[in-house]
Amino acid sequence: MATRKASGQVLTALAPVMPELWGGSADLAGSNNTTMEGEPSFVPDGKATESFPGHRYGRTLHFGIREHAMGMSLNGIALEGLTRPYGGTFLIFSDYMRPAVRLAALQQLPVVYVWTHDSIGLGEDGPTHQPVEHLAALRAIPGLDVVRPADANETAVAWRTILETVDHPSALALTRQNVPTLDRSVLAPADGVARGGYVLAEAEGGDPQVVLIGTGSEVQLALGARDQLQADGVPTRVVSMPCREWFDAQDQSYRDEVLPPAVRARVSVEAGVAQGWRELVGDAGRIVSLEHFGASADFETLFREFGLTADAVAKSARESIEAARGEAPSAPGTSDPQEPTDDESTLGDAGEGGTRSTDETQK
Amino acid sequence: MSQTAPTLTAGRDESLTRPIADEVGWTDADVRAVDTVRVLAADAVQHAGHGHPGTAMSLAPLAYLLYQDVMVHDPSDPHWLGRDRFVLSAGHSSLTQYIQLYLSGYGMELDDIKALRTWGSATPGHPEVHHTTGVEITTGPLGSGLASAVGMAMAQRRQRGLLDPDAAPGESPFDHHVWVVASDGDLMEGVSSEASSLAGHQELSNLTVVYDQNFISIEDDTDISFSEDVAKRYEAYGWHVETVDWRGRAGDSGDAARADDGTGPYTEDVDALHAALQASRERTDRPTLVILRTVIAWPAPTARDTAPRTGPRSARTRSRPPRSCWASTRRPPSPSRTRSSSTPAPWSGGARRRTPGGRSATWRGARPTPRAPVCWTGCRPRSCPRAWTRPCPPSRPTRRAWRPARRPARC
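Residues numbered from 1 in each chain as written. Chains lettered and ligands numbered in written order. Predicted model: local features only at pLDDT ≥ 70, side-chain atom pairs only at ≥ 80, totals over all residues. Heavy atoms only, no water.

Caption draft 1: Spatial organisation of helix H7 (residues 219–231) of chain A. All names here are of chain A. Look at H7: 18 Å from first C-alpha to last across 13 residues, which is about the 18 Å you get at 1.5 Å a residue. Burial in H7 covers these residues: Val219, Leu221, Ala222, Leu223, Ala225, Arg226, Leu229 and Gln230. Buried-residue contacts for H7 involve strand E9 (198–201), strand E10 (210–214), strand E11 (236–240), strand E12 (266–269), helix H11 (299–305) and helix H12 (310–324). In the stretch just after H7, Gly233 is the one whose phi turns positive, near 85 degrees. (Helix = DSSP H or I, 4+ residues; strand = E, 2+ residues; numbered from the N terminus. Expected span 1.5 Å × (residues − 1). Buried < 20%, exposed > 50% of the residue type's maximum accessible area, 1.4 Å probe, protein only. Contact = heavy atoms within 4.5 Å.)

This is the structure:
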C-alpha cells in the first residue's frame, strides 16, 4: 500500500474523533489522499460541485492550484488557534510553499503538510515532478519536522506523533507508489517511529557489523540488502529513520543504542541528495543517494537505472565495512552511486547535446 | 466637534489640514494623539538610526482609527477569543502597530518604542507573534500577512460553524473580523494574488484589507514596475472595492506628489475611511478592499513621497516632521491624558470590549457561551489519552467563559 493511501485512511479514521482537524489540497485531493471520507467541502453555499458537495461551514478545504496561498492560509488558520489544519500537494511543490513553511516554523504553528509523490518513485511524470533536493532542503528549515514513513503502519504512528506536536509544523513525505507493508511479526513494531529512528531488523548471528539506515520507500531496499548480507554471514542491522528531527531529539543513550558508536560501518539509503547523511553514517559510511535529476519512466526502471537498489546498498555496506577497517577510503567526496550507470544522464548537460535530448541538432 | 481641550492642538501648524473626523467624533485630543503617533514614529527611527518611519507617519490616522474606533478588542485580555484580528501585512512599518499597542494599553511602553529594533526589545524590526503582546502574526515578507489573513478569515467561519452555528449574524463571539493593512509591495507579491483570488471565491466577508496606495517602494516611484489597475483586479476577484483618496492634487505618482507644495490639498478624510471600514464589517457577501490613497511620510517636508534611498543618516534628518506642526513640547502626551474625559478610554486597558457602533456586547454571561469541548485546544491527543478512540462532543451550553487558553483535558 502506498503511504499516501495509508495517510488518507488515517485521516478518515480521525474525522469523527478530532473535529478540530481539517484540511485539503491544492487541487490534488485525489492524489494526496487528503479528503476525509464523507466530509463536506468548505465552500460558500451555491459553489459546491457534483464531485464535492459542501457548505460554508464545511470541512474539506479546496485551495485550488495555489500552493503558496495554501501555505500562508494554513498559517492563518493555525494562528486563529482553535482548529488544526493540514494541506497537501506533491512534495515537489513544497518549493511553491517554502516561504509559508518557513513562516510556520518561525511562528511555531502546528501546521501539517501532506506532501505525496515524494521521490523519483512517482515515475512517469518525470524530472519536473520528482523531488531530489527537497528532503534535505526542508530538513534545513529550523523547527520543521520532516517525516517519511516506510509503510502503512509507520504512517499511522507518524500521524499520531505529529498530532501530538503542538508547537511547530510537521511535514509528511509520502509515496505515490506502493510499498510493502512490513511484517511486524518479524520486524520491530512501528511505534518506534515516534522516536524518529528505531531498529527495525536486528543483526543475526552476532553484534552488527554494519548498520543500514533507510527512510520511506527505501527502507525495503535496506531490508533487501540485509538479506543478502546476512546470507553471506554479515550480521546486519536495519534502522528505519522516518524523522531525523525526532531522532535528534532523543537522548544520547537511545541514539547510541540505535546507532552504536562502535559500529562505524554504516550505509544510508534515500532517494534524494546525500546532503545531511554524512553526519549519521560517519567517515567510514556510505550514502546511497541521488545526486541528479530524475527522468520519465516507470519507477522500477528509475530505481534500477539510478542505482537505488538492494544490490547497491549491499555493495556499499561491504565497502563501508572495509573502510571501517581502514581498507577503503574514508568519507568519499561523492556519494554512491556517483552518476547514472549508463548513458542516461540528466545532469543538466543540454549544452553538450544532452544525452537525453532527442534534438539531433544538439548532438 | 467638541472642543473639550482646545489647547491640545493649539500649536498645530495651521497650514496642515486638520483630519476630517467629525462623524467619528474625534476631538482635539484625538487629533493630538494622531499627530503624536507621527512624531513617535519619526523619533523612534531617528533614535534607532534605522527603520521605516514613513508609512507609520502617514497611516497614523488609519491605525488610530482601527484601534480606537473600529476593532473589537480588549487590551486587558489580548487573547480574548472574540477579538478582531489585526494583520500588519506591511510588516516593515511595525511602528504602525507598536505605537497603537502603546496608546491602547497592551502593555507596550514608551521605553519599548525607544528600544526599537534592538536586542531583547519588545519592538523587533518586524512584528513577531508570541513575542510582543497584541501582535497576532509575524509579518514582513510582503504578501504573507495578507495571504495568512485569508486563512484566519476561513478559520473564523469554520470555528463558528463548529461551535456556534445557530447564533444570529454578528451575535457570536466567533463573528470576529480580520483587518489587514497592506502596502504597494503586498499587492505586488504573487501570493497576495493567489490568496485574494481564493478569498473572493470563498466570499470571505469577514475580511477587510486596507491597501495603502502611496506609489512608493524601495526603488522610489512605483511607476517603474507597477501600473495595473488594482481596483479592477480585486473587483474581478469578487471583492468589494472602494477608494478613499487623501492625496488630493498629488495624483497617481510619486513625482506628482513631490512637485506639489504638499500641504493644502492633502486631506485626511477619516470619516470617509471610517464609513468604508464600518460598511465592510456589515457586508455579508464578499471581502472588502479599501484603497487608501496616501502620501508616504506625510507631513514630513522632505521625506514625504520618497523612498529611503540614501541611508539611515540621511533618513534620520529627512523623516523628522516639521517641529511646528505639533504642540510646543516634544514630550508626547500620555495616553490617559490625550483622550477627553467624556469619552471612554479603551486605551487605558479597561476590561470593556470595544464593539462597533457602541454595541457593547458583554458576551460573557449575557447569553450562553458557545458549546465547545472543554478540552478542545488543539493539543487534545497529547493531553487526552482517550481522544484517539472517542469523539469529544461539544459540551452542554454553559455560562462559563469560553477561553482559548490551553488547559488540561477533562474529557
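Still to come is the rest of the account.
Caption draft 2: Focus on unusual backbone geometry. All names here are of chain B. Note that the residue after Trp298, namely Pro299, is joined by a cis bond; omega there is 5 degrees. One non-glycine residue, Arg117, adopts positive backbone phi at about 65 degrees. Mapped onto the elements of the fold, Arg117 is located in the loop between helix H5 (110–114) and helix H6 (144–163). Even without being a glycine, Phe215 presents a positive backbone phi close to 65 degrees. For Phe215, the position within the fold is in the loop between strand E3 (207–213) and strand E4 (216–217).

Caption draft 3: Representation of the environment of Ile321 of chain A within the structure. Residues and elements named next belong to chain A. By the element assignment, Ile321 lies in helix H12. Considering only alpha carbons, one finds Ile321 and Val263, 58 residues apart in sequence, at a separation of 9.1 Å. Excluding residues that lie within four positions of it along the chain, Ile321 makes contacts with Gln209, Val210, Val234 and Ala265.

Caption draft 4: Representation of the nonpolar core. All names here are of chain A. With 74 residues, the main nonpolar core has Trp159, Leu212, Leu259 and Leu308 as its most contacted residues. Looking at this core element by element, the count peaks at six residues for H7. Shared between two domains, this core takes at least three residues from each, and those domains are domain 1 (3–173) and domain 2 (190–324). Sequence-distant contacts of Leu212, defined by excluding residues within four places in its chain, comprise Ala222, Ala225, Arg226, Leu229, Thr236, Arg237, Val238, Val239, Val267, Val313 and Ala317. (Core = buried A, V, L, I, M, F, W, Y, C linked by side-chain atoms within 4.5 Å. Domains from an automatic or database assignment.)

Caption draft 5: Expanded view of the packing of helix H3 (residues 60–70) of chain B against helix H4 (residues 94–104) of chain B. Residue and element names in this part refer to chain B. Packing of H3 against H4 leaves a shortest axis separation of 10 Å and a crossing angle of 45 degrees. For the element pair H3 / H4, the angle class is oblique. When the axes of H3 and H4 are compared, the crossing they make is right-handed. Listed contacts from H4 to Ala60, Ala63, Tyr64, Tyr67 and Gln68 of H3 are Thr96, Gln97, Gln100, Leu101, Leu103 and Ser104. When its residues are assigned to classes, the contact of H3 with H4 shows six nonpolar, five polar and no charged. (Axes fitted to C-alpha atoms, helices over the stretch in contact; angles between N-to-C directions. Parallel < 35°, antiparallel > 145°, perpendicular 65-115°, else oblique. Left-handed = near helix turned anticlockwise from the far one by under 90°. Nonpolar A, V, L, I, M, F, W, Y, C, P; charged D, E, K, R; others polar.)

Caption draft 6: How the structure looks around the interface of chain A and chain B. Taken together, the contacts link 41 residues of chain A with 51 residues of chain B. Here chain A meets chain B over a buried area of about 4100 Å², counting both sides, of which 61% is carbon and sulfur. The largest contributions to the chain A side of the interface with chain B come from Tyr57, Glu80 and Leu82 of chain A, which together make up 20% of the buried area. Connecting chain A to chain B are two salt bridges. In this structure, Glu80 of chain A and Arg85 of chain B form a salt bridge, with 3.7 Å as the shortest nitrogen-oxygen distance. The tally of links between chain A and chain B comes to 16 residue pairs in polar contact (both at pLDDT 80 or more). Where the side of chain A that touches chain B is concerned, the elements lending two or more residues are strand E4 (60–62), helix H3 (67–80), helix H4 (94–106) and helix H6 (152–163) of chain A. Ranked by the residues each element gives to the side of chain A that touches chain B, the list is headed by H3 of chain A, at 10 residues. A per-class count over the side of chain A that touches chain B returns 21 nonpolar, 10 polar and 10 charged. (Buried area = accessible area lost by both parts, 1.4 Å probe. Salt bridge = Lys/Arg side-chain N within 4 Å of Asp/Glu carboxyl O. Polar contact = N/O pair within 3.5 Å; in protein donor to acceptor, adjacent residues only side chain to side chain.)

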